[in-house]
Amino acid sequence: MKRILFTRHAKSSHNLKINDHDRPLNSRGLSDAGMMGKRLLEKDIIPEYFISSSAIRAYMTCKIISEKLQNRTTLQLEKKIYDYGYNGVMNLIYRVSD
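What you are looking at is a predicted structure, and each value in this text was computed from that prediction instead of being measured. (Residues numbered from 1 in each chain as written. Predicted model: local features only at pLDDT ≥ 70, side-chain atom pairs only at ≥ 80, totals over all residues. Heavy atoms only, no water.)

Caption draft 1: Representation of unusual backbone geometry within the structure. One non-glycine residue, Q70, lies in positive phi territory at about 60°. Residue position: Q70 is located in the loop between helix 2 (56-68) and strand 2 (74-78). Of note in this structure, N71 is not a glycine but carries a positive phi near 55°. The residue N71 is located in the loop between helix 2 and strand 2 in this model. (Helix = DSSP H or I, 4+ residues; strand = E, 2+ residues; numbered from the N terminus.)

Written out as structure tokens, the structure reads:
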């Protein structure tokens, strides 16, 4: 049976000169993502892998969490999450084996 943990990206920049997809995390987001990874490690919650939106802020969040989990989690980028929202997420969930 699948067990799914959803995470939202941490706080991102609101620089209007950058398109939405390319917005990075701001300093608070960088800190919060690290704290989240540390909490997951302390609770021994180590996902087999992350499937992340291709949005820079989402990828950065997953990358930082993965580093705090001592890189024991595989990270996969999926543009479908960003482009197709809910339907993209559901499609990916159905494609992942138990």
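Alright, that's what it looks like, and here's the rest.
Caption draft 2: Representation of the pattern of salt bridges. Throughout the structure, instances matching the rule amount to 5 salt bridges. D20 is paired through a salt bridge with R57; the nearest N and O atoms lie 3.2 Å apart. Of the two residues, D20 is situated in the segment before helix 1 (27-42) and R57 in helix 2; the sequence distance between them amounts to 37 residues. On the basis of relative accessible area, D20 is assigned to the partly exposed category, the value being 34%. On the basis of relative accessible area, R57 is assigned to the buried category, the value being 8%. A salt bridge links R28 to D32, with the nearest nitrogen and oxygen atoms 3.3 Å apart. Note that R28 and D32 are positioned in helix 1 at a spacing of 4 residues, about one turn of the helix. (Salt bridge = Lys/Arg side-chain N within 4 Å of Asp/Glu carboxyl O. Buried < 20%, exposed > 50% of the residue type's maximum accessible area, 1.4 Å probe, protein only.)

Caption draft 3: Up close: the packing of helix 1 against helix 2. Viewed as axis vectors pointing N to C, helix 1 and helix 2 meet at an angle of 40°, and their least axial separation amounts to 8 Å. In this view, helix 1 runs oblique relative to helix 2, as classed from their interaxial angle. The handedness of the crossing between helix 1 and helix 2 comes out as right-handed. Contact residues: L30, A33, G34, M36, G37, K38, L40 and L41 in helix 1; M60, T61, I64, I65 and K68 in helix 2. (Axes fitted to C-alpha atoms, helices over the stretch in contact; angles between N-to-C directions. Parallel < 35°, antiparallel > 145°, perpendicular 65-115°, else oblique. Left-handed = near helix turned anticlockwise from the far one by under 90°. Contact = heavy atoms within 4.5 Å.)

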